[in-house]
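These are the residues of each chain, in order.
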Amino acid sequence: MLGKAQETMDTYIDSPEKLKNLYKRVLIVVSLSQVFGGAGLAAGITVGALLAQQMLGTDAYAGVPSALFTLGSAGAAFIVGKLSQRYGRRTGLSTGFFVGGLGAIGVVIAAITNSVILLFASLLIYGAGTASNLQARYAGTDLANNKQRAKAISTTMVMTTFGAVAGPNLVEIMGKVAVSIGVPSLAGPFILSATAFILAGLVLFIMLRPDPLEIAKMIEADRREIGYGNKTESLNEKAINKRGLTVGATVMVLTQIVMVAIMTMTPVHMKHHGHGLSEVGIVIGFHVGSMYLPSLVTGILVDKIGRTAMSIASGVTLLCAGLLAAFAPSDSMVLLIVALSLLGLGWNFGLISGTAQIVDSTEPSTRAKTQGKIDVLVALAGASGGALSGMVVANASYATLSLAGGLLSLILIPVVIWSRKA
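Residues numbered from 1 in each chain as written. Predicted model: local features only at pLDDT ≥ 70, side-chain atom pairs only at ≥ 80, totals over all residues. Heavy atoms only, no water.

Participant: Lay out unusual backbone geometry in plain terms, naming residues and giving numbers.
Facilitator: The step from Arg209 to Pro210 runs through a cis peptide bond, and the omega angle for that step is -10°. For Pro210, the position within the fold is in the loop between helix H8 (188-207) and helix H9 (212-226). Within the chain, Asn114 stands out as a residue other than glycine whose phi angle is a positive 55°. Take Asn114: it is sitting in the loop between helix H4 (89-113) and helix H5 (116-139). (Helix = DSSP H or I, 4+ residues; strand = E, 2+ residues; numbered from the N terminus.)

Shown next, in the form of structure tokens:
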């Protein structure tokens, strides 16, 4: 077994061309899984708040589903990170998707039995699919060099668009399918989520061989052995790495809070003002498309003009989204689409620039574990945003929530300026 591993390592160390081909293959496999993962994620977020509102009979807790599956995503992010570090990306990510699929099945059963307890428990488990969908972006960077990392992240993310845009726009169709088999219409999208998450897990489990993180760790170990006895990392470099982790994590946490809070309550806000499920699906479809579709361009910009500039662009874009959502007439579909599209775009800028900072500041030997821990913070931030969003709207208004989110995003600017001066 060790001989085979050594032979595999030597193959990629001795042949940069083979390593390059493996890198491309990994991107293709991960991208394919993201198509299914995006569909599973988007279908659930479109109707989660509406399902809770229907079962609980109040708006005050409509943000709970988003909070629960992001909270579940937090726990899953840590576990998926640990599994990936120990057994490779293939095992960690596929396990997370399979568990997420089981959670989606649980949501469907909860809707049929009208069990709020089962709904909440299943949404926690459903979060594992969300965590895996997000952490898959790291798998594409394991074999990328410094100038390819943001583009590698964006390549996998842009493929999520196909599933993410299709998911919300299949809400009405899946609702009819659900009703035809005796299931409540709002549970229909979770049938799609279950199928999509399980398919994403199967793609990774079957096709992600050899494992990119395992190859990256072998190459790192070989380089260290060659450079044995040389002190390659100074104390100053370690400080830079810690600062990079801090800034990258802060950017992703703040963008996640703002995005999840406003996104969660938009379907409820629209329903209160006479918009139907198909219109909600269109708005969320544009939003989710904006979260992922610009990724290829964003990745190039992050690699070309820098992580700092794109983090600042994220804060400014989120501010514009919050202001527009707050002051747009509630019956204007066009302005809501623009506001939610800007919200998705600002999140996209923040996630890719923040993720690139994290990858820049870690080594393969500890990368997956560190990334998992940071994604826990990101998921907890989303859970907080989702939980508080319903309370803010119930006690104030959707406009207040949107305005607060836009202003909060401005904190990104002093954070990234501090990182340059430190």
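Participant: Give me the lowdown on the side chain of Arg137, citing residues and values where you can.
Facilitator: Tracing the backbone through its elements, the reader meets Arg137 in helix H5. A distance of 2.6 Å separates the side chain of Arg137 from the backbone oxygen of Leu134, its partner in a polar contact. Engagement of the side chain of Arg137 in a polar contact is seen with the side chain of Thr355, the distance being 2.9 Å. Not counting the four nearest positions on each side in its chain, Arg137 is found in contact with Ile153, Thr156, Met157, Met252, Leu351, Thr355 and Asp375. (Polar contact = N/O pair within 3.5 Å; in protein donor to acceptor, adjacent residues only side chain to side chain. Contact = heavy atoms within 4.5 Å.)

Participant: Describe the packing of H4 against H5, and please don't skip the residues or the numbers.
Facilitator: Contact pair H4 / H5: the axes reach a minimum separation of 7 Å and the direction vectors enclose 150°. Our classification of the angle between H4 and H5 gives roughly antiparallel. Where H4 crosses over H5, the two elements pack in a sense that is left-handed. Considered class by class, the residues forming the contact of H4 with H5 number 16 nonpolar, 10 polar and 1 charged. (Axes fitted to C-alpha atoms, helices over the stretch in contact; angles between N-to-C directions. Parallel < 35°, antiparallel > 145°, perpendicular 65-115°, else oblique. Left-handed = near helix turned anticlockwise from the far one by under 90°. Nonpolar A, V, L, I, M, F, W, Y, C, P; charged D, E, K, R; others polar.)

Participant: With reference to specific residues and values, describe the pattern of salt bridges.
Facilitator: Taken as a whole and assessed by the stated rule, the structure comprises 6 salt bridges. Between Asp375 and Arg137 there is a salt bridge, and its shortest N-O distance comes to 3.2 Å. With Asp375 in helix H15 (residues 367-395) and Arg137 in helix H5, this residue pair connects regions lying 238 residues apart in the sequence. Each member of the pair, Asp375 as well as Arg137, is classed as buried. Notably, a salt bridge pairs Lys217 with Glu214, separated by 3.2 Å at the nearest N-O pair. (Salt bridge = Lys/Arg side-chain N within 4 Å of Asp/Glu carboxyl O. Buried < 20%, exposed > 50% of the residue type's maximum accessible area, 1.4 Å probe, protein only.)

Participant: How would you sum up the nonpolar core? Please name residues and give values.
Facilitator: Ranked by size, the top nonpolar core spans 50 residues in total, and within it Tyr292, Leu343 and Trp347 carry the most contacts. Tallying contributions element by element places helix H14 (residues 333-360) first for this core, with 13 residues. The contact partners of Trp347, leaving out residues within four places of it in the chain, are Leu134, Met157, Thr255, Gln256, Met259, Met291, Tyr292 and Leu318. (Core = buried A, V, L, I, M, F, W, Y, C linked by side-chain atoms within 4.5 Å.)

Participant: So, H4: which residues are in play, and what are the values?
Facilitator: The terminal C-alpha atoms of H4 lie 36 Å apart, and with 25 residues this matches the ideal 36 Å at 1.5 Å per residue to within 8%. Asn114 lies just past H4 and shows a positive phi near 55°. (Expected span 1.5 Å × (residues − 1).)

Participant: Requested: an account of helix H6 (residues 149-169), with residues and values cited.
Facilitator: The terminal C-alpha atoms of H6 lie 31 Å apart, and with 21 residues this matches the ideal 30 Å at 1.5 Å per residue to within 8%. Within H6, the axis deviates most sharply at Thr161, by approximately 25°. (Bend = angle between axes of the 7 residues up to and from the residue.)

Participant: Residues and numbers for the packing of helix H12 (residues 295-305) against helix H13 (residues 307-327), please.
Facilitator: Where H12 meets H13, the axes come as close as 6 Å, and the angle between the chain directions of the two elements is 130°. By the angle between their directions, the pair H12 and H13 is classed as oblique. Taking contact as the criterion, the partners of Thr298, Leu301, Val302, Asp303 and Ile305 in H12 are, on H13, Arg307, Ala309 and Met310. Residues that form the contact of H12 with H13 fall into these classes: 5 nonpolar, 1 polar and 2 charged.

Participant: Outline the environment of Leu388, supporting the account with residue identities and numerical values.
Facilitator: Looking at where Leu388 falls in the secondary structure, it is placed in helix H15. The class of Leu388 is exposed, set by a relative accessible area of 51%. When the C-alpha atoms of Leu388 and Val64 are compared, they prove to be 8.6 Å apart, with 324 residues separating the residues in sequence.

Participant: Account for empty space enclosed by the protein, with residues named and values stated.
Facilitator: Across all of its chains, the model carries 2 cavities of 30 Å³ or more by this definition. The volume enclosed by the largest cavity comes to roughly 270 Å³. Lining of the largest cavity is provided by 26 residues; of these, Leu41, Thr130, Leu134, Gln256 and Trp347 occupy positions nearest its centre. The element best represented in the lining of the largest cavity is H5, accounting for 6 residues. Of the residues belonging to the lining of the largest cavity, the class tally is 16 nonpolar, 8 polar and 2 charged. (1 Å grid on protein atoms, 1.4 Å probe; cavity = no way out; pocket = protein on both sides within 12 Å on 5 of 7 lines; lining within 4 Å. Points joined across faces, edges and corners; volume = space filled by probe spheres on them.)

Participant: How would you explain the packing of aromatic side chains if you had to name every residue and give the values?
Facilitator: How two aromatic rings sit relative to each other is given by the distance of their centres and the angle of their planes. This model, assessed by the stated rule, comprises 4 aromatic pairs. Note on Phe97 and Phe197: the rings are 5.9 Å apart at their centroids and 40° apart in plane angle, and the pair reads as tilted. Taken together, the residues span a long stretch of sequence, with Phe97 in helix H4 and Phe197 in helix H8 at a distance of 100 residues. No difference in accessibility class separates Phe97 from Phe197, as the two residues are buried. Ring centres of Tyr292 and Trp347 lie 5.6 Å apart, and the angle between their planes is 70°; this geometry places the pair in the edge-to-face category. With a gap of 55 residues between them, Tyr292 in helix H11 (residues 277-292) and Trp347 in helix H14 connect regions that are remote in the sequence. Owing to a relative accessible area of 4%, Tyr292 belongs among the buried residues under this scheme. Counting every residue linked through ring pairs, the aromatic cluster contains Phe97, Tyr126, Phe190 and Phe197. In this arrangement the basic side chain of Arg90 is found over the ring face of Phe205, its NZ or CZ atom lying 4.2 Å from the centre. Over the face of the ring belonging to Tyr138 we find Arg137, whose NZ or CZ atom lies 4.2 Å from the ring centre. (Phe/Tyr/Trp six-rings, centres within 6.5 Å; stacked < 30°, edge-to-face > 60°. Lys NZ or Arg CZ within 6 Å of the ring centre and 35° of its normal.)

Participant: Before we move on, can you summarise a positive patch on the surface with the specific residues and values?
Facilitator: Taken together, the side chains of Lys82, Arg86, Lys369 and Lys373 present a region of like positive charge at the surface. When contributions to the positive patch are tallied by element, the ones reaching two or more residues are helix H3 (64-87) and H15. Relative to the helices and strands, Lys369 is located in helix H15. By relative accessible area, which is 32% here, Lys369 ends up partly exposed. (Patch = residues over 30% accessible without salt bridge, like charges linked within 9 Å, V, L, I, M, F, W, Y side chains within 5 Å. Areas by Shrake-Rupley, 256 points an atom, 1.4 Å probe, with all protein chains shown as cover. Lys, Arg positive; Asp, Glu negative; His and termini not counted. Charge placed at Lys NZ, Arg CZ, Asp CG, Glu CD.)

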